[in-house]
Every structure is written in structure tokens, then in C-alpha cells.
2 protein chains.
Amino acid sequence: MTATAAGASGEERFIAALRSIATDPAARGLADDAAELKVGGATLIVTHDMMVEGVHWLRGQDMADVAWKLVAVNLSDLAAKAARPVALMLGYTLGDAREDARFAEGLREAVTTFGVPLLGGDTVAAPSGSARAVGLTAIGEATATPSPARADAKAGEALWVTGTIGNALAGYEALVAGDFGPASLSYRRPRPRIAEGLALAGIVSAMMDISDGLLLDASRMADASGTTIAIDCAAVPIHPALTDRALEAMTWGDDYQLLFTLLPGAEPPVTATRIGIVHPRGVHALLLDGAPLPMGQVLGYRHTNT
Amino acid sequence: MTATAAGASGEERFIAALRSIATDPAARGLADDAAELKVGGATLIVTHDMMVEGVHWLRGQDMADVAWKLVAVNLSDLAAKAARPVALMLGYTLGDAREDARFAEGLREAVTTFGVPLLGGDTVAAPSGSARAVGLTAIGEATATPSPARADAKAGEALWVTGTIGNALAGYEALVAGDFGPASLSYRRPRPRIAEGLALAGIVSAMMDISDGLLLDASRMADASGTTIAIDCAAVPIHPALTDRALEAMTWGDDYQLLFTLLPGAEPPVTATRIGIVHPRGVHALLLDGAPLPMGQVLGYRHTNT
């Protein structure tokens, strides 16, 4: 369960109310990226993410990119659980016909690229002038039981990350500079690490996807695990254009890489980089090069995760 | 897959585009209330319905009722497929704190009443002043394989309906008259026919829920089945307060009863009324007391079903 827009007390109360409703163990206390559900011998991983015009995308943005991102963020949650995607259900608020056509085109490209079927959903109209909302439910089949969770990092384990950090920031800056081509693809068309997640099933201890920034998500893993995570900044693979802005890259979201822990000495079966170590819980959730972050340092994108 | 707001050509093109994407057999061509998905030995029924402020509910309406209805309409889709509900995923756009608290309260009452766990979802903010959207995915486990579909009515079979028709209309009129108590409950708090749906598994030929009006939904069953459905008006159980407005009751939505067909002579294991018969397809999808409906007669609530 994730909640966008930080810290409004009304929202916190609402999330607390939901948590008191979602008492089934499968809900995992709404503390993880996805729910785990056993049905008739199968273990399903289920996630639902929404995007809202004016919040998650800007009016005028290419709706094909919005559709792609909606699919990608949901599949990234499944990847973090080492789940094989099996179905998508769409909730869509209609806009103008041209935008709807672009959305459908991006959706087609995403489901084709990631090989996951769209099974149905609902299409609604909204009052004129309203911000539109779209939602997607992704259902996956677990390939490891229990599926990896962010709460399972243990002291002594090594911290690893797939890919490079800052790709989305670099793509965003290209887009803002007017490049609607390949240079902005890493922002417009993120690639969830589905294959990597599946390859890591049964091997990792903790795993989660990096949606809101490496530092914020690593601190969440530490908090959920009751550990302290120490990151070696020099080891973090940063996008080549951002090496002099590494801290910014590590606090920017939308990279959708996988962050995971392995037993010391173990090597992952996927391309990944060892960037830190898990310690017993100390005063701070996160250490950067052995020191806590400065007071007021922003760790990541403005979400509260619940 | 259902689409609210009738017939805009942009919407029709969008739905057509979705249908060309949703080519997996589990999507059933987006022609049914829910998708059927096989995963690891289990057969799942999955549905997703959205509701939008200003379209599906009015600003100022009790959000507890909105939450209840969101759960009920999704569970009604599962009931029509004889599926046992196993999980709900919520997508929620925050409003003011008092409304959010009422929504959570109605959600709690619904999931408790219907015994289905809320497993997670997403909570988002919307730009100020925007109409809010809420979405729910309901996952059920099929109890009959294949699960009942609206397309399976066969000539010679009898048409049956659970409960009485017009309950929602009567409740709506009570609400409009200022009765926020029991008299309006049938509109504010519809009861999906989950137990009846389960009891009918393996017994019915065709089945669907009545969400948009008996006549409209019966005509959809006829169209999907390639049959003509003949309804005997005198046999239709109408809410006692509406017996002199039976046609209006039969064209009003939100009753969430189950409409199904049985072999001639068979009796259902649930309380239900035989209201008609299935004929080979003639010129008209629907006959009322042996005659087609007058040109221009509204069959049901303003939805286009896709």
C-alpha cells in the first residue's frame, strides 16, 4: 500500500483506518509493495497503483507514456516479489479521443513488451475539467514462497542493486530540455526488472523495488527489517551523466531497479552491484560512507509509504 | 468490461482499441462482467469497477454508502460468476478527512458483512476541486468451470430472477424524499447475491447480475447468447410500492439481483422467480408479453456495456 502526497494528518488517519480493516495476513499490514494471497494451491501477488493527472502526470503529457508507466510501476512491484505477471485489470477515466487513443497505444506497447495480458477493467467518464485518474491491478504468480519482502534484511548480509541509479533523472532532464526521443526514454518508459526478480527468487533475503529514490527505499528496508543499512557511495553505480550529482541521483525516484540483500560472499545470478552492508540496528536507519545523513537531507521522492 | 456514459464515438474507439489489446481468452473479449484466469490450478474470477464523484455519486453524499456500493457492485460481478470472493484491492483518491473517515467506515462495514478481506491498494491525492475517483478490484475463486456467462442462454430454457425488481428505485425515491434510514437502504446499501450465486454454480446455463435494469440486462443476455428472451411481465416480482410502475422498475438499475436460465422444468436451489423463456433468435432481442418493446423505449440505465 503506498500513499502519495506526504503526511497530511487526514491521510494518515485514513491509512490507519484501512490498516485496521486489512487485518488478513495476506495484506501484510499494508506494509509491503504487494499482497500475497493463496488461492486453491496457487500463491498470488497482487498490487494496485493509481496515477492522477496533475499529480503523477501533467496535462498535455503523452498519454502513451502514462499508460506505459502505469503498467511498469505495477509490474515493478511484482518483480520485487519475484512474481511472474499473469494479468492486468485497468480502471480508466476517459479524456479526449486523441489522448485516449495514445493511452491505448502505450498500453498495447507495454503489455506486448512485458508479455502480460490485459484481462478487463472499467472505463468511466469524469465531469468536464476534472483531473483524470487511472488505476491498474497487476496479478502475479509467486515463484518463491514466502515471496521476498523488504522486512527480511539481516545483519551481515550484503546490499545489492540492479542497473544504474539516476537513469530516470537523466531521462527527465532530457525531456524537460525538449528531447522526446531516446534520451528521455529512461524516464518516460521505465523497464521493470521482471526477469531479474524471477532469477533472484529463493536467493535473496530482502527485496524491494526502488520507486522513490535509493536512499529513501533503502531506509525503508532498514526500518522494516529492524536493521541499519550502510551504503558505500563510491560503489553505487550512477548514471554516467550524473556522477558529479550522485547524491541527487540517489534521492530521485522512478528508477525501478531492484534493491536486495544476499548472504555475505554470495553472488547474484543477475547483473547487479554490491553497494553496502546490513548492520544490526543502530541509531540511524541509514549510513552513507559510515555516517548518518545530515539533518534535513531529503531521502527521496515525496511519497509516504504506509 | 463495462463503460459508463453512453456511446461517445471516442469512447467506442477506445473500447475497441482495448478489445484489440485484450486478446487473451481469459479476457472473454471484454464481453462479460469479469475475467476468468487460471493460475497454478486455481481458476480466478477478476473484476474491476470504478466510481467517479459527480457521475456515480454526488458531492455531499455519505461516503460510507459510496464505499459500500463500490464493494457491492464488484462482489455482484463475482456472484454472477458463482465465484467465492477472496480479496479486494482498493484505489482511493483522498478527499477531506471527514469524508475519508466515512469511506473507511463504510468499507469496514462492507468487508465485514460480506466476509472478504481487503488486501491493499493505493491512496492518492488529486488536484484541489477535482472530482474524485475510486476503484476496486475484486478477486474470486471460481466454483464452477467454466464459470457461468451471460452468453450461455439456450432456446427452451426458462429465465429466472432472484429477489424483487425495483428495490433500488424505491430506496432512491425514499432517499430523495429525505429518508436516510432503512427505507433508502436498498439503494444506499445493495446486497450482492453472493450466496445465491454460489448455490447456482453448475446448475445455471447463463447467469449475469442486473446492474443496469432488468430489461437492458436481459436484452444483453439475449444478444450475447444469440437468442430472444421473452419476459412475462405479470410474473416479474416487483417491489410492492411500485406495482403500478412496473415498467419503470424493470428499466431502473442498481438492483444487483441475479438473472439466470435453467433447463425447462428445473427448479433453482435458491429463492427465485421464473419470469420468462428463451427462444431461438428472432428479429428482436427482447419480447415483453410476446411483443417487442415500443421504439424509443428506454431499456435501462445510461451505460454502454462493452
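Cut-offs applied
Residues numbered from 1 in each chain as written. Chains lettered and ligands numbered in written order. Predicted model: local features only at pLDDT ≥ 70, side-chain atom pairs only at ≥ 80, totals over all residues. Heavy atoms only, no water. UniProt positions renumbered as here; feature names shortened; annotations may be inferred. Buried < 20%, exposed > 50% of the residue type's maximum accessible area, 1.4 Å probe, protein only. Helix = DSSP H or I, 4+ residues; strand = E, 2+ residues; numbered from the N terminus. Contact = heavy atoms within 4.5 Å. Least-squares fit on C-alpha atoms with pLDDT ≥ 70 in both. Buried area = accessible area lost by both parts, 1.4 Å probe. Polar contact = N/O pair within 3.5 Å; in protein donor to acceptor, adjacent residues only side chain to side chain. Nonpolar A, V, L, I, M, F, W, Y, C, P; charged D, E, K, R; others polar. Pairing = 2+ DSSP bridges. Axes fitted to C-alpha atoms, helices over the stretch in contact; angles between N-to-C directions. Core = buried A, V, L, I, M, F, W, Y, C linked by side-chain atoms within 4.5 Å. Phe/Tyr/Trp six-rings, centres within 6.5 Å; stacked < 30°, edge-to-face > 60°. pLDDT = per-residue confidence, 0-100. Domains from an automatic or database assignment.

Chain A carries the name Thiamine-monophosphate kinase in an unreviewed UniProt entry, which gives Croceicoccus ponticola as its organism. Recorded in UniProt under Pathway (unreviewed entry), the annotation for chain A is "Cofactor biosynthesis; thiamine diphosphate biosynthesis; thiamine diphosphate from thiamine phosphate: step 1/1." The record in UniProt for chain A states the following under Function (unreviewed entry): "Catalyzes the ATP-dependent phosphorylation of thiamine-monophosphate (TMP) to form thiamine-pyrophosphate (TPP), the active form of vitamin B1."

We now examine helix 4 (residues 167-176) of chain A. Residues and elements named next belong to chain A. Among the 10 residues that make up helix 4, 7 are buried, leaving the element largely enclosed by the rest of the structure. Looking only at helix 4, the buried set comprises Asn167, Ala168, Leu169, Ala170, Gly171, Ala174 and Leu175. Against helix 5 (185-188), helix 8 (246-250) and strand 10 (257-262) lie the buried residues of helix 4. Positive backbone phi, approximately 100 degrees, marks Gly178, located one or two places after helix 4.

If you rotate chain B by 180 degrees and push it 0.0 Å along the axis, it lands on chain A with an RMSD of 0.0 Å. Viewed as a symmetry operation, the transformation between the two copies matches a two-fold axis. The rotation axis passes nearest to the C-alpha of Ser130 of chain B in chain B, at a distance of 2.4 Å. When the interface residues of chain B are mapped onto chain A, 100% of them are again interface residues, pointing to one common binding face.

Before going further, it helps to spend a moment on the interface of chain B and chain A. Contacts between chain B and chain A engage 68 residues on the former and 68 residues on the latter. Summing the contributions of chain B and of chain A, the shared interface buries around 5200 Å²; its carbon and sulfur component is 73%. Looking at the side of chain B facing chain A, the largest losses of area belong to Phe14, Ile21 and Leu119 of chain B, adding up to 13% of the total buried there. Our count for the contact surface shared by chain B and chain A stands at 7 residue pairs in polar contact (both at pLDDT 80 or more). Listed by contribution, the elements that provide at least two residues to the side of chain B that touches chain A are strand 1 (2-4), helix 1 (9-21), strand 2 (35-39), strand 3 (42-52), strand 4 (83-93), helix 3 (97-114), strand 5 (118-124) and strand 6 (133-142) of chain B. No other element matches helix 1 of chain B, which puts 9 residues into the side of chain B that touches chain A. When the residues that make up the side of chain B that touches chain A are grouped by side-chain class, the tally is 42 nonpolar, 17 polar and 9 charged.

All names here are of chain A. Taken together, 6 strands build an open sheet; the order of strands is 8-10-7-11-9-12 and the sheet is mixed. Pairing within the sheet leaves two strands with one partner each, and these edge strands are strand 8 (207-210) and strand 12 (286-288). Here the average twist between neighbouring strands, direction ignored, is 30 degrees. Strand direction decides the pairing type here: strand 7 (residues 158-162) and strand 10, joined by 4 bridges, are antiparallel. Each residue of the ladder has a partner; that of Trp160, found in strand 10, is Phe260. Along the sheet face, helix 2 (residues 63-80) touches strand 8 and strand 10 and points at about 155 degrees away from the line of strand 8. Sheet strands in contact with helix 7 (residues 214-225) are strand 7, strand 8, strand 9 (227-231), strand 10, strand 11 (272-280) and strand 12, and its direction is about 150 degrees off that of strand 9.

All right, on to the nonpolar core then. Ranked by size, the top nonpolar core spans 100 residues in total, and within it Phe103 and Leu107 of chain A together with Phe103 and Leu107 of chain B carry the most contacts. Setting aside anything within four residues of it in sequence, one finds Leu107 of chain B in contact with Leu18 and Ile21 of chain A together with Ala67, Val71, Leu90 and Leu118 of chain B.

Okay, the packing of aromatic side chains next. Enumeration over the complete set of coordinates arrives at 14 aromatic pairs over all chains. Relative to Phe14 of chain B, the ring of Phe103 of chain A has its centre 6.3 Å away and its plane inclined at 55 degrees; by these criteria the two rings are tilted. With one member in each of two chains, Phe103 of chain A in helix 3 (residues 97-114) and Phe14 of chain B in helix 1 form a pair that bridges those chains. You'll find Phe103 of chain A and Phe14 of chain B in the same group, each marked buried. On the numbers, 5.1 Å between centres and 70 degrees between planes, the contact of Tyr172 of chain B with Tyr187 of chain B is edge-to-face. One end of the pair, Tyr172 of chain B, is in helix 4 (residues 167-176); the other, Tyr187 of chain B, is in helix 5 (residues 185-188), and 15 residues separate them in sequence. What makes Tyr187 of chain B buried here is its relative accessible area of 13%. Among the aromatic residues, ring-to-ring pairing joins Phe14 of chain A together with Tyr92 and Phe103 of chain B into one connected group.

A separate point is the sheet that holds strand 7 (residues 158-162) of chain B. Residue and element names in this part refer to chain B. Spatially, 6 strands are ordered 8-10-7-11-9-12 in an open sheet, and the strand pairing comes out mixed. Each edge of the open sheet carries a strand with a single partner, namely strand 8 (207-210) and strand 12 (286-288). In this sheet, neighbouring strand axes are inclined to one another by 30 degrees on average, regardless of whether the strands run parallel or antiparallel. As paired strands, strand 7 and strand 11 (residues 272-280) are joined by 5 bridges and run antiparallel to one another.

What follows covers the confidence of the model for chain A. In regions of low pLDDT, the predicted coordinates are not meant to be interpreted in detail. With 95% of its residues at a pLDDT of 70 or more, chain A shows a mean pLDDT of 92. Predicted confidence for residues 2-7 of chain A stays below pLDDT 50, and this span has 31 contacts to residues more than four positions away or in other chains.

Residue and element names in this part refer to chain A. Along its sequence, chain A is organised into domain 1 (31-142) and domain 2 (150-305). The gap between the C-alpha centroids of domain 1 and domain 2 is 23 Å. Facing the 23 residues of domain 1 at the interface are 20 residues of domain 2. When domain 1 packs against domain 2, the two sides together hide about 1900 Å² of surface, and 53% of this comes from carbon and sulfur.

This part covers unusual backbone geometry. With an omega of -5 degrees, the peptide bond running from Thr145 of chain A to Pro146 of chain A counts as cis. Within the secondary structure, Pro146 of chain A is located in the loop between strand 6 (133-142) and strand 7. Here the phi dihedral of Tyr256 of chain A falls at roughly 55 degrees; this positive angle occurs in a residue that is not glycine. With respect to the secondary-structure elements, Tyr256 of chain A resides in the loop between helix 8 and strand 10. For Ala82 of chain B, which is not glycine, the phi dihedral falls at a positive 55 degrees. Inspection of the secondary structure assignment puts Ala82 of chain B in the loop between helix 2 (63-80) and strand 4.

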